[in-house]
Amino acid sequence: MGPISWAVASTGAVGAALLLNAGIAKIASPDQLLQAAAEVLPAVRARIGRRLVRGMGLLECIVAVALLIAPLRLAAAIATAVLGVSFAALGTLGLLRGSGVPCGCFGGTSDHPLGWANIGAGAALVVICAMTATAPAPPAGYSAAAAFLASIALLIGCFWLNRHLILRIFGARRVTQAQTEVG
């Protein structure tokens with residue numbers, strides 16, 4: 001695979017990692033997003049339920065996997081754009097309505113309300129769609145390369161999204177070591 005092929009695989013991998021992080025969070029813990037969405041969409045509060053949130057999470061995971069499979073890449077890119085626009089729209093609603101409820105959009109530890117992070121993630125997904133749709137046909141090794149890169153991106157994303165927990169663990173470890181050395 002040449003540099004352009006690796007760039008195309010990287011683009012799909014980043015999109016897949018972002019969608020997997022978001023989708024898994026919705027499937028595992030739909031309540032935070034449910035409350036945040038009900039805050040900014042009071043007219044549809046009764047219609048939004050755990051099943052709908054989990055269904056959206058499942059859809060995001062399916063699209064993420066499809067981004068990694070060469071023959072499904074273009075269709076997945078279009079679905080990625082639609083999801084990106086919906087992320088950005090919900091973030092915009094959060095900003096306009098002064099959302100204060102943490103959405104948990106990228107994991108249960110997220111304490112940010114609907115807003116700029118959602119708009120940024122949505123815009124990134126739209127850009128990924130454009131790059132994927134205009135890229136040359138993927139080479140034979142695309143799926144393997146994209147899956148490999150997506151696993152790395154997913155791991156980096158998990159570390160980044162949970163960095164405050166990781167820092168808390170290492171901070172507690174240092175305190176324990178210091179107390180052991182003093183005592």
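Everything discussed here concerns the structure shown above.
First, a word on scope: everything that follows refers to the structure included in this document. (Residues numbered from 1 in each chain as written. Predicted model: local features only at pLDDT ≥ 70, side-chain atom pairs only at ≥ 80, totals over all residues. Heavy atoms only, no water.)

1. Some words on the packing of helix α1 (residues 3-28) against helix α5 (residues 116-134)
Right, so step 1: Running from N to C, α1 and α5 point in directions that differ by 145°, and their axes come no closer than 9 Å. As for the relative orientation of α1 and α5, their crossing is left-handed in sense. Residues Thr11, Val14, Gly15, Leu18 and Leu19 of α1 form the contact with α5, whose participating residues are Ala121, Leu125, Ile128, Met131 and Thr132.
Right, so step 2: Among the residues making up the contact of α1 with α5, the classes are represented as seven nonpolar, three polar and no charged. (Axes fitted to C-alpha atoms, helices over the stretch in contact; angles between N-to-C directions. Helix = DSSP H or I, 4+ residues; strand = E, 2+ residues; numbered from the N terminus. Left-handed = near helix turned anticlockwise from the far one by under 90°. Contact = heavy atoms within 4.5 Å. Nonpolar A, V, L, I, M, F, W, Y, C, P; charged D, E, K, R; others polar.)

2. Side note on the side chain of lysine 26
Right, so step 1: One can find lysine 26 in helix α1.
Right, so step 2: If sequence neighbours within four positions are ignored, lysine 26 has contacts with Leu33, Val53, Arg54, Met56, Gly57, Glu60, Phe87 and Cys105.

3. Let's talk about the packing of aromatic side chains
Right, so step 1: Scanning the entire structure with this criterion turns up zero aromatic pairs.
Right, so step 2: Positioned over the ring face of tyrosine 142 is arginine 73, at 5.8 Å from the centre of the ring. (Phe/Tyr/Trp six-rings, centres within 6.5 Å; stacked < 30°, edge-to-face > 60°. Lys NZ or Arg CZ within 6 Å of the ring centre and 35° of its normal.)

4. Some points on the nonpolar core
Right, so step 1: One finds Leu19, Phe87 and Leu114 to be the most contacted residues of the largest nonpolar core, which totals 35 residues.
Right, so step 2: For this core, the secondary-structure elements that each account for two or more residues are α1, α2 (31-40), α3 (50-67), α4 (73-96), α5 and α6 (142-161).
Right, so step 3: Counting residues per element, this core draws most heavily on α1, which supplies seven residues.
Right, so step 4: Each residue touching leucine 114, except ones within four places of it in the same chain, is listed here: Leu33, Ala36, Ala37, Val40, Leu90, Gly91, Gly94, Leu95, Ser99, Val101, Cys103 and Cys105. (Core = buried A, V, L, I, M, F, W, Y, C linked by side-chain atoms within 4.5 Å. Buried < 20%, exposed > 50% of the residue type's maximum accessible area, 1.4 Å probe, protein only.)

5. Quick look at α2
Right, so step 1: Burial analysis of α2 places seven of its ten residues in the buried class, which makes it a mostly covered element.
Right, so step 2: Residues Gln32, Leu33, Leu34, Ala36, Ala37, Ala38 and Val40 constitute the buried set of α2.
Right, so step 3: The elements touched by buried residues of α2 are α1, α3 and α4.

6. Considering the pattern of salt bridges
Right, so step 1: Scanning the model with the defined rule gives two salt bridges in all.
Right, so step 2: One salt bridge connects glutamate 60 with lysine 26, and the closest N-O pair in it is separated by 3.2 Å. Residue glutamate 60 is found in helix α3, and its partner lysine 26 is found in helix α1; the two are separated by 34 residues along the sequence. Assigned by exposure class, glutamate 60 and lysine 26 land together as buried.
Right, so step 3: Between arginine 50 and aspartate 31 there is a salt bridge, with its nearest N and O atoms 2.7 Å apart. Taken together, the residues arginine 50 in helix α3 and aspartate 31 in helix α2 connect sequence positions 19 residues apart.
Right, so step 4: By relative accessible area, aspartate 31 is classed as partly exposed at 30%. (Salt bridge = Lys/Arg side-chain N within 4 Å of Asp/Glu carboxyl O.)

Without other data, these values stay purely geometric and don't point to any function.
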